[in-house]
Amino acid sequence: MWLPVYATRSERLGRLCVVALAFTVLLFLVMPLLVVFPLSMSKDPFFTFPIREYSDRWYLDFFQNSRWTSSVWNSGIAATASTVLATFLGTLAALGINRPTFPFRKLAMAMIIAPMIIPVVIVAVGAYMFFGYLGLTGTRIGLILAHTALSLPFVVITVLSALSTYDNNLTRAASSLGAGPTQAFLRVTYPLILPGIVSGALLAFAISFDEVIVALFITSADQRTLPVQMFSGIRDQINPTIMAAASLLTLMSITMFALVGAIKRFRAN
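Residues numbered from 1 in each chain as written. Predicted model: local features only at pLDDT ≥ 70, side-chain atom pairs only at ≥ 80, totals over all residues. Heavy atoms only, no water.

(A) Representation of the overall build of the protein chain in the model. Looking only at helices and strands, the protein chain has 11 helices and 0 strands in total. Order of helices (α) and strands (β) in the protein chain, N terminus to C terminus: α-α-α-α-α-α-α-α-α-α-α. Taking 2.2 N^0.38 as the reference for a compact globule, 269 residues should give roughly 18 Å; the C-alpha atoms of the protein chain span a radius of gyration of 23 Å, well beyond that estimate. Counting only C-alpha atoms, the protein chain reaches 70 × 70 × 30 Å along its principal axes. Counting every position in the protein chain, which comprises 269 residues, the buried fraction comes to 38%. In the form shown here, the protein chain has an accessible surface area of approximately 16200 Å², with 71% of it arising from carbon and sulfur atoms. Measuring between centres, the 18 positive side-chain charges of the protein chain sit 14 Å from its 10 negative side-chain charges. (Helix = DSSP H or I, 4+ residues; strand = E, 2+ residues; numbered from the N terminus. Rg over C-alpha atoms; globule rule 2.2 N^0.38 Å. Buried < 20%, exposed > 50% of the residue type's maximum accessible area, 1.4 Å probe, protein only. Areas by Shrake-Rupley, 256 points an atom, 1.4 Å probe, with all protein chains shown as cover. Lys, Arg positive; Asp, Glu negative; His and termini not counted. Charge placed at Lys NZ, Arg CZ, Asp CG, Glu CD.)

Structure (structure tokens):
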């Protein structure tokens, strides 16, 4: 369907070659992820490929080892709390920036998306110095605030995208019928931009749950997140349990982005 009927044979052949090359490059990039899953099912206590014997021992070790379960718990708490904060603040920021009369829109937008542009290492060092001055280094609150700053831009951009298709005349109509600003937002604006808010929240959760560099600077030994635990395991003692954790983390990320894609298709319809 993507080839026009009037395309010549050489044009069709050229486009087929481009598509084949794109799929080849994509497969080359995805292949390392595909190796993780069989390695997580290996019975050997070290990395061997091809797999000689399959077992679920490393998944059992992941769910029975207190170091791994506590890291999952820490990641879940930090990701959930930062998602709530980022979604709330990001939605308010997007609503404000979307107003034509909002002053210094470009400056505010530049400050909000700065964590997306600045290298994460610089953000981590800055957060470590600033939170250290406030006494928040090594605390869960510090990690939540740092992850909120990292995920906030994604919420703002996603909600702004939803607001770009929103008809402001609906809000004016609600106001003319006697609805106050809060009532008009909750009954008219909020239901229409809800898919964008949910998409931003899912992205914020995935970013916080997968983040490792800032967590290395901010967290203490008893507050390790799952990515930090995986990094420490690779550095100190390589164990196939890391592959089980990586497989579960990959599946979670795929599920998150699949949900975002489904929500975008729902919005399009």
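Additional details are given in the paragraphs that follow.
(B) Representation of the packing of aromatic side chains within the structure. Applying the stated criterion across every chain, the model contains 6 aromatic pairs. Between Y128 and F217, the aromatic rings sit 6.2 Å apart at their centres with planes inclined by 65 degrees, giving edge-to-face as the arrangement. Within this pair, whereas Y128 is found in helix α5 (residues 120–134), its partner F217 is found in helix α9 (residues 213–218), the two being separated by 89 residues in sequence. Take Y128: its relative accessible area is 39%, and that puts it in the partly exposed class. Here the aromatic rings of F205 and F209 are separated by 5.7 Å at their centres, their planes lie at 25 degrees, and the arrangement is stacked. With F205 and F209 both in helix α8 (residues 181–210) and 4 residues apart, this pair spans about one turn of that helix. Each of the two residues, F205 as well as F209, counts as buried. (Phe/Tyr/Trp six-rings, centres within 6.5 Å; stacked < 30°, edge-to-face > 60°.)

(C) Examining helix α2 (residues 57–64) more closely. For α2, the complete set of buried residues consists of W58, Y59 and F62. Along the axis of α2, the buried positions cluster into a sector of 105 degrees, meaning they face one direction only. (Arc of directions from axis to C-beta.)

(D) Highlighting the environment of R67. Position of R67 among the secondary structure elements: in helix α3 (residues 66–97). Between the alpha carbons of R67 and A127 there is a distance of 26 Å; along the sequence they are 60 residues apart.

(E) Examining the side chain of T148 more closely. When you line up the elements, T148 lands in helix α6 (residues 140–164). Here T148 is in contact with S82, L85 and A86, once residues within four sequence places are set aside. (Contact = heavy atoms within 4.5 Å.)

(F) Structural context of the environment of V120. Mapped onto the elements of the fold, V120 is located in helix α5. Considered as a pair, V120 and I213 are 93 residues apart in the sequence and their alpha carbons are 6.9 Å apart.

(G) Geometry of the environment of F266. Within the element layout of this structure, F266 appears in helix α11 (residues 241–268). Put simply, F266 and A127 are 139 residues apart on the chain and 37 Å apart in space, counted from C-alpha to C-alpha.

(H) Layout of a nonpolar patch on the surface. The grouping of V19, L21, F23, V25, L26, L27, F28, L29, V30, M31, L33 and L34 at the surface amounts to a nonpolar patch, some 1200 Å² of accessible area in total. Here L33 is to be found in helix α1 (residues 9–40). (Patch = residues over 30% accessible without salt bridge, like charges linked within 9 Å, V, L, I, M, F, W, Y side chains within 5 Å. Salt bridge = Lys/Arg side-chain N within 4 Å of Asp/Glu carboxyl O.)

(I) Structural view of unusual backbone geometry. Even without being a glycine, F104 presents a positive backbone phi close to 55 degrees. Tracing the chain through its elements places F104 in the loop between α3 and α4 (105–117).

(J) Here's a closer look at the nonpolar core. Counting 22 residues, the largest nonpolar core has W68, F205, F209, L226, M230, A245 and L249 as its most contacted members. At the level of elements, α1, α3, α8, α10 (226–236) and α11 are the ones that each hand at least two residues to this core. Examining the composition of this core, we find that 9 residues originate from one element, α11, more than from any other. The contacts of L249, once residues within four sequence positions are left out, are F209, D210, L226 and M230. (Core = buried A, V, L, I, M, F, W, Y, C linked by side-chain atoms within 4.5 Å.)

(K) A look at the packing of α2 against α3. Taken N-terminus to C-terminus, the directions of α2 and α3 make an angle of 65 degrees; their axes are 5 Å apart at the nearest point. Only S66, W68, T69 and V72 of α3 make contact with α2, whose side of the interface consists of D61, F62, F63 and Q64. (Axes fitted to C-alpha atoms, helices over the stretch in contact; angles between N-to-C directions.)

(L) Structural context of the packing of α3 against α8. At a closest axis distance of 8 Å, the pairing of α3 and α8 adopts a crossing angle of 140 degrees. Comparing the axis directions of α3 and α8 gives the class oblique. The handedness of the crossing between α3 and α8 comes out as right-handed. For the pair α3 and α8, contact is made by V72, S75, G76, A78, A79, T80, S82, T83, A86, T87, T91 and L95 and by F185, I193, I197, A201, A204, F205, S208 and F209, respectively. Looking at the contact of α3 with α8 residue by residue, the class counts come to 12 nonpolar, 8 polar and no charged. (Parallel < 35°, antiparallel > 145°, perpendicular 65-115°, else oblique. Left-handed = near helix turned anticlockwise from the far one by under 90°. Nonpolar A, V, L, I, M, F, W, Y, C, P; charged D, E, K, R; others polar.)

None of the figures reported here should be taken as evidence of function without further support.
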